[in-house]
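# Descriptive structure summary
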Amino acid sequence: MKVTTTTLEMLEQPRDEPRAFPDDVRLDRAGSISPEYARFLYGLVGGPWFWTERLDWTRRQWVDELAEPGTEFWILYGDGNPLGYVHLQPKPSDKGTEVEIRYFGLAEAAQGRGLGGRLLEHGVLAAWTLPEHAQLAPVSRVWVHTCTLDGPLALANYQARGFVITGTEETFEDLPDRPLGSWVSTGGRAAQP
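In this text, all values refer to a predicted model and were calculated from it rather than measured experimentally. (Residues numbered from 1 in each chain as written. Predicted model: local features only at pLDDT ≥ 70, side-chain atom pairs only at ≥ 80, totals over all residues. Heavy atoms only, no water.)

Another aspect to go through is the sheet that holds strand β2 (residues 25-30). The strand order β2-β3-β4-β5-β6-β1-β7 describes an open sheet built from 7 strands, whose pairing is mixed. Both outer strands of the open sheet, β2 and β7 (164-172), are each paired with one neighbouring strand and no more. This sheet shows a mean twist of 20 degrees between the axes of neighbouring strands, independent of strand direction. For β2 and strand β3 (residues 72-78), the ladder comprises 6 bridges, and the chain directions are antiparallel. Within the sheet, the bridge partner assigned to Ala 30 lies in β3 and is Phe 73. Helix α1 (residues 35-46) contacts β3, β4 (81-93) and β5 (96-106) of the sheet and is inclined by roughly 115 degrees relative to β4. (Pairing = 2+ DSSP bridges. Helix = DSSP H or I, 4+ residues; strand = E, 2+ residues; numbered from the N terminus. Axes fitted to C-alpha atoms, helices over the stretch in contact; angles between N-to-C directions. Contact = heavy atoms within 4.5 Å.)

Further remarks concern the pattern of salt bridges. Any two side chains of opposite charge can pair, on the condition that their charged atoms come close. For the structure shown, the criterion picks out 14 salt bridges. For Arg 113, the salt bridge identified is with Asp 24, shortest N-O distance 3.7 Å. Separated by 89 residues along the polypeptide, Arg 113 in the loop between β5 and α3 (116-128) and Asp 24 in the loop between β1 (2-10) and β2 bring together distant segments of the chain. Relative accessible area serves as the criterion here: at 40%, Arg 113 is assigned to the partly exposed category. Of the charged contacts in the structure, one is a salt bridge between Glu 65 and Arg 102, with a shortest N-O distance of 2.9 Å. Of this pair, Glu 65 sits in helix α2 (residues 59-66) while Arg 102 is found in strand β5, placing the two residues 37 residues apart along the sequence. According to the relative accessible area criterion, Glu 65 is buried, its value standing at 10%. What emerges from the salt-bridge pattern is a single network uniting Arg 54, Glu 65, Glu 100 and Arg 102. (Salt bridge = Lys/Arg side-chain N within 4 Å of Asp/Glu carboxyl O. Buried < 20%, exposed > 50% of the residue type's maximum accessible area, 1.4 Å probe, protein only.)

By size, the foremost hydrophobic cluster in this structure holds 28 residues, and its most contacted members are Leu 76, Leu 88, Ile 101, Leu 115, Val 142, Tyr 158 and Phe 163. Among the secondary structure elements, those contributing two or more residues to this core are β1, β3, β4, β5, α3, β6 (139-147) and α4 (154-160). At 6 residues, the largest contribution of residues to this core is made by α3. The residues contacting Val 142, other than those within four sequence positions of it, are Leu 8, Glu 9, Met 10, Val 99, Ile 101, Ala 127, Trp 128 and Phe 163. Core analysis: the second largest hydrophobic core is formed by 15 residues, Ala 30, Tyr 42, Leu 55 and Tyr 85 among them. (Core = buried A, V, L, I, M, F, W, Y, C linked by side-chain atoms within 4.5 Å.)

Given below as structure tokens:
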């Protein structure tokens, strides 16, 4: 399958404050998260969209990824259930700290409720203010990759929040015929034919 990956960046913190969430939704910061829960969130959000790259990762790979200094998860909850998340991963550079939005998205149950733009706005603010609670140099850049394997509104959402496209790349990926779904991606057994 042909996959188009788009890289976007933001070089200044947005001036507008993120919009508030509805009263029945909360956003929690997790500066430390277990590999099991990180993998679950990845499968929950990515199952409908061909997020398969990390499903075969070992626990050690997850531990190493999450041990990167300053890594944070911002998890959206409603009625006690995870509705989506933002995974931030900072890296030092010559110009300061560059923060990648490694993963971002909503669970299927949260889609269509106007939460995606709000979650991204809060995630962007969290990226820019990461040095306030982590031993990091000031942030000089927030960036993200999105691709045609993500939800159909992903690219437009990033652009609407102020991200600017810096490049695109096309590759051919060996993927299943259809997304695995959240059930299988979070470790559930596939239905037998």
